[in-house]
Each structure stands twice: as structure tokens, then as C-alpha cells.
Amino acid sequence: MSYDIRPLQLHLQKNLEEIHRVFSANGLRYFMVSGTMLGAVRHQGFIPWDDDVDIAMPRADYERLLKEWRQLLPNHLEFVSAEQDENYPLPYGKIQDARTTVIEKSYRQYIGGAYIDIFPLDGVPSGSVARWWHFTRYLFWYKMLYYSCRDPYKHGHGVNSWVPLLVQKGFKRKTIHRHLRRILMKRDYDASPFISEHYNRQRRFFPREVFGTPTPLLYEGAMLMGVEQPHEYLLEEYGDYMTLPPENKRHQHNFFYLNLHRPYRDMQETYQRWLAGDIKELPESNAS
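One structure accompanies this document, and this report is about it.

1. Here we look at the overall build of the protein
Next up, step 1: Along the backbone of the protein there are 9 helices and 10 strands.
Next up, step 2: Its C-alpha radius of gyration of 19 Å places the protein within 12% of the 19 Å reference for a compact globule of 288 residues.
Next up, step 3: Taking the principal axes of its C-alpha atoms as reference, the protein extends roughly 55 × 45 × 45 Å.
Next up, step 4: For the protein, buried positions account for 50% of its 288 residues.
Next up, step 5: Considering only intrachain contacts with a sequence separation of at least 6, the fraction spanning at least 24 residues in the protein is 67%.
Next up, step 6: In the structure as shown, the protein presents an accessible area of about 14000 Å², 50% of it carried by carbon and sulfur atoms.
Next up, step 7: With 37 positive and 35 negative side-chain charges, the protein shows a separation of 8 Å between the mean positions of the two kinds.

Now the structure itself:
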């Protein structure tokens, strides 16, 4: 679906500022990363065509959030992850707004609220061979997770359906998550010279001092926390990061379904009926 992304950006910004207040008051470290960090430096806010927020937390802080989020976060914000829901389709968590509904991709068959991605930061090996093996194992299980969620017949009933069918028959999703978690948590963030967000299919890593101490940066009029060495981070992440990409490379999420005014729990039964084919259409999306 296409939509005006500014209302979503402003909604996420309010939640991000609330998260910043909670984390700061409780000694939880976080950093803006990826497109959010780029937006802070290049636009002092959202990249105009970007419609998500990415932050990362050192593993110890991430694990504390996992255990204490019900006491820390306001009632409308929920921390969701594979550790709490074996059907969760990603190797990192999200803080989602329970007052809203988002279905990111129909094949994941997962419904939640408008979210902010929360990436755990973990150590990676210092040696190049050990680091290659670390990322190879991680990316193998990440791909397995993708196949465990994908509609096997997305590209027809031929050869392309065989791998996801085999993965879904041979592995429970919680088993895949267990393998991923074991790989990611092997090395302590605070004792490792090199760290990674393990962002999707990337093999990218950084000297830990690039992240350093969370450092205030202006973002949509609020002071939020970024990495200590933004130039070094963004140069590695994007190359010539101050140059705008051509218009045909400026992509937004185009979520399968988005409603900023309907709680996702009110949509769950309707979504399951739609998946089963009992109803033909979902209620009208509304991002404004």
C-alpha cells in the first residue's frame, strides 16, 4: 500500500521520545542506528521517505529490557521478541504501539502495532577467519528463519517451493531462534574490540569505540542518543552518506496493512479469518 508517511513518522517520533525518557531514567544505553542515525546527521530527523526507526542496545541492556519492559514502558508500548513469542519472525525485538495495527508483510502472518526496531549489539571475533565463520553461521540460520516464515508457494508450486517446505517441516521456529541466540550471545559486547548489530543479511561490524558512549544528537527537535563517532559509523554503513540517493532508490516500507487508530488486538480475529479465506478484504487501512 502507498500512503502519506508523515503521520506515521510523527507517531513514531512521540514513541521514540517516550522510550528515550524511560531508558535515560533507568540507565539503559541505546543508540540510533542505520537510517535513523543517517537521518539525525543529514536531516536532523527522519529521512523524508523513511518510515521506520532503528535503535540498538548493548546486549546487557537489551536483556534487561526483555525482562523488565512491563515495569519500564508505558502501557501502550510493548516489547515483542522471539524470546516471548515463538511465532515471532525476526532475530531482533521491537517496541510496538498496541493502539495501532501493522501487518508488515502478508507472508509472515504476524500482526502487531506500529513499531521501533530494537537491535541487540553483540561482540564478534577479532580474527578475520573466525569472524567469517561467525557471520556465515548467523546468516545461514537467518535464512532458515526467513524460509520458516515464507509462503512456500509464493513463487508457484515448483522447485522454488521445496526449500521453504523442507525448512517448515524439519525445523520449529523456536529451534531456529535458539541457534541464532546462541551464536549472537557468544561474545560479550563490553569486552569485545569489535561489535555488530547483525542487521538482517549484513556482515558489517565496527570497532566498539565507534559506538562508544551514547551521544546526544538532534532528531525532529528532540535530543536523542546516537553513536559517539557518527562520521566513522555512517561512512562504513553508507559510503558517501551526505549525498542524496537518486529518486528511484528512495524507498518506503509500503506495509501490507497500516492503521494508526485501530488496536492490533481488535484486528487479530479478522486477520486470521482473512488468512483462512473466510473474508475477502481487510478493513480499510488508515495511516493519517
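2. Overview of the packing of helix α4 (residues 128-149) against helix α5 (residues 162-170)
Working note: a packed helix pair is described by the angle between its axes plus the distance between those axes.
Next up, step 1: Taken N-terminus to C-terminus, the directions of α4 and α5 make an angle of 95 degrees; their axes are 8 Å apart at the nearest point. Regarding the angle of α4 to α5, the classification is roughly perpendicular. Contact residues: Met-144, Tyr-147, Ser-148 and Cys-149 in α4; Val-163, Pro-164, Val-167 and Gln-168 in α5.
Next up, step 2: Considering only residue class, the contact of α4 with α5 consists of 6 nonpolar, 2 polar and no charged.

3. Remarks on the packing of aromatic side chains
Next up, step 1: Under the defined criterion, the tally for this structure stands at 17 aromatic pairs.
Next up, step 2: Between Tyr-115 and Phe-255, the ring centres sit 6.0 Å apart and the planes meet at 75 degrees, which makes this aromatic pair edge-to-face. Within this pair, whereas Tyr-115 is found in strand β5 (residues 112-124), its partner Phe-255 is found in the loop between α8 (230-238) and β10 (257-259), the two being separated by 140 residues in sequence.
Next up, step 3: Between the aromatic rings of Tyr-146 and Tyr-147, the centroid separation amounts to 5.4 Å while the plane-to-plane angle is 55 degrees, which identifies the pairing as tilted.
Next up, step 4: On the accessibility criterion, Tyr-147 (17% relative accessible area) is buried.
Next up, step 5: What links up through ring pairs into an aromatic cluster is the set Phe-31, Phe-206, Phe-211 and Tyr-233.
Next up, step 6: Its guanidinium or amino end placed over the ring of Tyr-115, Lys-94 lies 3.3 Å from that ring's centre, counting from NZ or CZ.
Next up, step 7: Just above the ring of Phe-194 sits the side chain of Arg-131; from NZ or CZ to the centre is 5.4 Å.

4. Observations concerning the environment of Pro-89
Next up, step 1: If you trace the backbone, Pro-89 turns up in the loop between β3 (77-80) and β4 (93-103).
Next up, step 2: Among the residues examined, Pro-89 registers a relative accessible area of 7% and is labelled buried.
Next up, step 3: For the pair formed by Pro-89 and Cys-149, sequence separation is 60 residues and the distance between their alpha carbons is 6.5 Å.

5. Here we look at helix α3 (residues 59-72)
Next up, step 1: Taking the largest bend as the criterion, α3 deviates by roughly 55 degrees, centred on Leu-66.
Next up, step 2: Next to the buried residues of α3 lie α1 (6-25), β2 (54-58), β3, β4, β5 and α6 (173-184).

6. Quick notes on unusual backbone geometry
Next up, step 1: With a phi close to 55 degrees, Gln-44 is a non-glycine residue in the positive phi region.
Next up, step 2: Structurally, the position occupied by Gln-44 is in the loop between α2 (34-42) and β2.
Next up, step 3: Owing to a relative accessible area of 40%, Gln-44 belongs among the partly exposed residues under this scheme.

7. Topic: the pattern of salt bridges
Next up, step 1: Here the structure, examined in full by the defined rule, presents 14 salt bridges.
Next up, step 2: Measuring nitrogen to oxygen at the nearest pair gives 3.0 Å for the salt bridge that ties Arg-59 to Glu-63. Taken together, the positions of Arg-59 and Glu-63, both in helix α3 and 4 residues apart, correspond to about one turn of that helix.
Next up, step 3: According to the relative accessible area criterion, Glu-63 is buried, its value standing at 13%.
Next up, step 4: Arg-181 is the salt-bridge partner of Glu-83, the closest N and O atoms lying 2.5 Å from each other. In this pair, Glu-83 sits in the loop between β3 and β4 while Arg-181 sits in helix α6, placing the two residues 98 residues apart along the sequence.
Next up, step 5: Among the charged side chains, a salt-bridge network with shared partners connects Arg-59, Glu-63, Glu-83, Asp-122 and Arg-181.

Quick notes on the rules
Residues numbered from 1 in each chain as written. Predicted model: local features only at pLDDT ≥ 70, side-chain atom pairs only at ≥ 80, totals over all residues. Heavy atoms only, no water. Helix = DSSP H or I, 4+ residues; strand = E, 2+ residues; numbered from the N terminus. Rg over C-alpha atoms; globule rule 2.2 N^0.38 Å. Buried < 20%, exposed > 50% of the residue type's maximum accessible area, 1.4 Å probe, protein only. Contact = heavy atoms within 4.5 Å. Areas by Shrake-Rupley, 256 points an atom, 1.4 Å probe, with all protein chains shown as cover. Lys, Arg positive; Asp, Glu negative; His and termini not counted. Charge placed at Lys NZ, Arg CZ, Asp CG, Glu CD. Axes fitted to C-alpha atoms, helices over the stretch in contact; angles between N-to-C directions. Parallel < 35°, antiparallel > 145°, perpendicular 65-115°, else oblique. Nonpolar A, V, L, I, M, F, W, Y, C, P; charged D, E, K, R; others polar. Phe/Tyr/Trp six-rings, centres within 6.5 Å; stacked < 30°, edge-to-face > 60°. Lys NZ or Arg CZ within 6 Å of the ring centre and 35° of its normal. Bend = angle between axes of the 7 residues up to and from the residue. Salt bridge = Lys/Arg side-chain N within 4 Å of Asp/Glu carboxyl O.

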